[in-house]
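# Analysis of the macromolecular model
In case you want the letters, here they are:
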Amino acid sequence: MALIRIFAFGMPESASSVAGQVDSIFNFILWVSVFFFVMIVGLMAIFLVRYRYREGVEPEDSPSHNIRLELLWSAIPLVLVLVMFVVGFKTFLNMDVLPGKSYEVQVTAQKWRWLFTYPNGYTDDVLHVPGDRPVSLIMRSEDVIHSFFVPAFRLKRDVVPGRYTKLWFTATETGEYPVYCAEYCGTSHSDMTTTIVVHESGEFAEWLENAANNLADLPPAEAGALVFNRGGCAACHSINGTASVGPTFQRLFGSMEALEGGGSVRVDENYILESIKDPAVRVTRGFQPVMPTYQGRFSDAELNYLVEYIKSLSEE
């Protein structure tokens with residue numbers, strides 16, 4: 001394994017069932033390219049020296065046509081390209097066709113967060129997966145094109161608005177691995193990162209149950225802070241008064257806000273709930289109506305926690 005990493009020129013660690021196949025294809029193409037680059041450049045250097053112009057030396061006789069040589073230099077690249085295609089296509093099919101029995105996670109991409117929803121309805125901004133079974137990701141975008149990229153898993157797939165895209169993997173090593181967006185998606189594109197946490201066999205179910213139920217054990221405002229972070233609200237709303245895509249939540253509750261199109265509104269519980277479920281109805285003046293609806297993405301309890309958290313930011 002160490003020898004493979006040395007010849008892989010600093011490739012990240014491999015931690016999925018397909019990473020080894022991808023690395024093998026990459027290394028094969030790389031070393032074929034290196035071999036022919038060295039051979040061609042070396043022959044060019046030899047010919048430059050041997051057949052350089054010299055005073056009093058006449059050019060040697062040379063063949064103008066050699067059918068065997070032409071067949072040879074056509075057949076070798078053809079065989080190599082066919083091998084690359086066949087091996088690469090088999091690996092692509094293996095990565096693209098979802099297995100029949102896999103653990104399914106819904107992935108939502110939006111500027112500039114990744115959100116992961118599990119079969120029990122729990123949503124988190126970090127992807128937790130079991131390490132002992134295939135995992136399928138069903139991905140969609142709320143706004144622009146994003147790209148889900150996990151270097152350690154050798155996985156990358158575009159996430160396109162208006163359609164679902166899918167990929168699957170089986171993690172082979174427990175631990176934490178970075179996730180990036182590999183498609184430029186706006187001014188905070190570089191901040192659209194998260195982590196995959198691969199759990200030991202048997203620990204994932206316990207983690208999911210605890211994570212889904214821990215909000216009820218917290219004070220409402222603290223539970224709301226977790227919902228705020230897990231729901232990706234921080235991507236557009238600051239809590240320190242800094243202007244962003246949307247209004248800051250600092251001292252927002254109880255304030256009077258001017259609205260686009262005229263009029264004003266006092267920010268209370270009902271206005272916050274309306275802005276989450278149907279944000280285009282009354283837009284605060286100075287901001288674009290770009291927020292998608294969160295109707296159905298938070299439970300009633302999570303919405304109540306979020307309101308309490310926003311209220312707490314006006315009590316300081």
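Quick caveat, the model's predicted, so the values are computed rather than measured. (Residues numbered from 1 in each chain as written. Predicted model: local features only at pLDDT ≥ 70, side-chain atom pairs only at ≥ 80, totals over all residues. Heavy atoms only, no water.)

This part is about unusual backbone geometry. Note: most peptide bonds trans; most residues except glycine with negative phi. A cis geometry characterises the amide bond from Lys-111 onward to Trp-112, with omega recorded as 0 degrees. Along the chain, the position of Trp-112 falls in the loop between β1 (103-110) and β2 (113-117). Not every positive phi belongs to a glycine, and Arg-154 is a case in point at roughly 60 degrees. Mapped onto the fold, Arg-154 is located in the loop between β6 (146-150) and β7 (155-159). In this model, Arg-251 sits at a positive phi of 55 degrees, which is unusual for a non-glycine residue. Following the sequence through the fold, Arg-251 ends up in the loop between α5 (220-230) and β11 (256-258). (Helix = DSSP H or I, 4+ residues; strand = E, 2+ residues; numbered from the N terminus.)

This paragraph deals with the confidence of the model for the chain. Summary statistics for the chain give a mean pLDDT of 87 and a share of 97% for residues scoring 70 or more. Of all the helices and strands in the chain, helix α1 (residues 2-7) carries the lowest mean pLDDT, 50, while β6 carries the highest, 95. (pLDDT = per-residue confidence, 0-100.)

As enumerated under the stated definition, the model contains 17 aromatic pairs in all. Measuring from centroid to centroid gives 5.2 Å for Phe-35 and Phe-36, while their planes differ by 85 degrees, and the two rings are edge-to-face. Overall, the relative accessible area of 25% leaves Phe-36 in the partly exposed class. Ring plane angle 75 degrees and centroid distance 6.0 Å describe the contact between Tyr-122 and Trp-207, whose orientation is recorded as edge-to-face. In this pair, Tyr-122 sits in the loop between β2 and β3 (123-124) while Trp-207 sits in helix α4 (residues 204-213), placing the two residues 85 residues apart along the sequence. (Phe/Tyr/Trp six-rings, centres within 6.5 Å; stacked < 30°, edge-to-face > 60°. Buried < 20%, exposed > 50% of the residue type's maximum accessible area, 1.4 Å probe, protein only.)

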